[in-house]
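What follows is the residue order along each chain.
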Amino acid sequence: MTDKTSNVVLVILAAGASKRMGTPKQLLNWGKDTLIGHVITQALKTEATEVIVVLGSNFNVIHHRIKHFPVTILNNTNWHSGLGESIAFVSRHIMGKSTLPDGILITLADQPLVNWEYLNEMISTYSSVKHPIIATSYQKFQYGVPVLFSASYLKQLIQLNSDFGAKTLISKNEHDIWYLKPEFNNTDLDTMEDYKALHSLFFE
C-alpha cells in the first residue's frame, strides 16, 4: 500500500446492467475475488486519497459483496441513461464536497488488467506534466479510460448525459491532453466470450 500523497479521487464506474454479458459482470469470478472486488483492491493500492464506486443496476446484490471495502459507494438510480450520466452523477457528488480534489481519475469495473501501478503512473504524470487531462492511449487515434481530469473540468463532466462518457470531453479538448500508453493490452469485458477468453489466460 502506497502513501496517500496525492489529492486525486479515483472513481470506479460499475453501474451498468451487463446486458450483453447476461449476468452482472461485476460479480464474475476473478482469481480469488469478484471482478469488481479485484478492481477495488487495485484502486486501494494507489495514491488516490479516496476511492468512489458508482453502482446502479443490481445495486443491492453488488453492494452486499463490496460493503466491507473502505470505499465510498454511491447508488446512481439513473444508471440506465448511460455511462455519461454516471460520470455526471459522481461529479455532482464531488462538487458537493467542502474541499475539492485536484483531479478525478475515472476507471471501469470491467477492465481487470488495469493495475494499481498504471493508475499510480497516471496520478504521478498528472502531478508532473501539468496537463489537465491524462488519457490512456491504445492504438493510433484511439484513446479512452482510464482517464484523469483536473477538477477544473467538473462543471463540464456534470453536463454529460449520454453513453458517450468521458470520450466526449477528451475529443473536444485534445490540446489539453497528455497521453499514456499502458504496457498491457487493455480489454473491456462486454460479453461472456470476452470474459472466458481473458479469464482462461490467467486462471486456467
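Residues numbered from 1 in each chain as written. Predicted model: local features only at pLDDT ≥ 70, side-chain atom pairs only at ≥ 80, totals over all residues. Heavy atoms only, no water.

## Some remarks on the pairing of strand β6 (residues 103-108)
Phase 1: Counting buried positions along β6 gives 6 out of 6 residues, so the element sits mostly inside the fold.
Phase 2: Judged by which residues are buried, β6 turns out to be covered on both faces: G103, L105 and T107 on one side and I104, I106 and L108 on the other are all buried.
Phase 3: The pairing of strand β1 (residues 8-13) with β6 spans 6 bridges and is parallel. The residue bridging L10 from the neighbouring strand is L105, located in β6.
Phase 4: Here β6 runs beside strand β8 (residues 142-150); their pairing, made up of 4 bridges, is antiparallel. Pairing of G103 across the sheet is with S150, part of β8. (Buried < 20%, exposed > 50% of the residue type's maximum accessible area, 1.4 Å probe, protein only. Helix = DSSP H or I, 4+ residues; strand = E, 2+ residues; numbered from the N terminus. Pairing = 2+ DSSP bridges.)

## Thoughts on helix α3 (residues 83-95)
Phase 1: Between its terminal C-alpha atoms α3 stretches 18 Å, which fits the 18 Å expected from 13 residues at 1.5 Å a residue.
Phase 2: Every buried residue of α3 is accounted for by G84, E85, S86, I87, A88, V90, S91 and I94.
Phase 3: Along its buried surface, α3 packs onto β1, β4 (50-55), β5 (72-75), β6 and α5 (154-157). (Expected span 1.5 Å × (residues − 1). Contact = heavy atoms within 4.5 Å.)

## Focus on the environment of G96
Phase 1: Here G96 shows up in the loop between α3 and β6.
Phase 2: Through-space distance from the C-alpha of G96 to that of A15 is 21 Å; in sequence the pair is 81 residues apart.

## What about the environment of E183?
Phase 1: Relative to the elements of secondary structure, E183 occurs in the loop between β9 (177-180) and α7 (192-203).
Phase 2: On the basis of relative accessible area, E183 is assigned to the exposed category, the value being 86%.
Phase 3: Considered as a pair, E183 and Y126 are 57 residues apart in the sequence and their alpha carbons are 18 Å apart.

## Overview of the side chain of T107
Phase 1: Turning to its location among the elements, T107 is positioned in strand β6.
Phase 2: Given the relative accessible area of 2%, T107 is considered buried.
Phase 3: Here T107 is in contact with L10, V11, I12, L13, V114 and P146, once residues within four sequence places are set aside.

## Examining unusual backbone geometry
The bulk of non-glycine residues show a negative phi, and the bulk of peptide bonds are trans.
Phase 1: The omega angle of the peptide bond from V145 to P146 is 0 degrees, so this bond is cis rather than trans.
Phase 2: Looking at where P146 falls in the secondary structure, it is placed in strand β8.
Phase 3: Phi at N58 is positive, roughly 55 degrees, even though this residue is not glycine.
Phase 4: Residue placement: N58 occurs in the loop between β4 and α2 (59-66).

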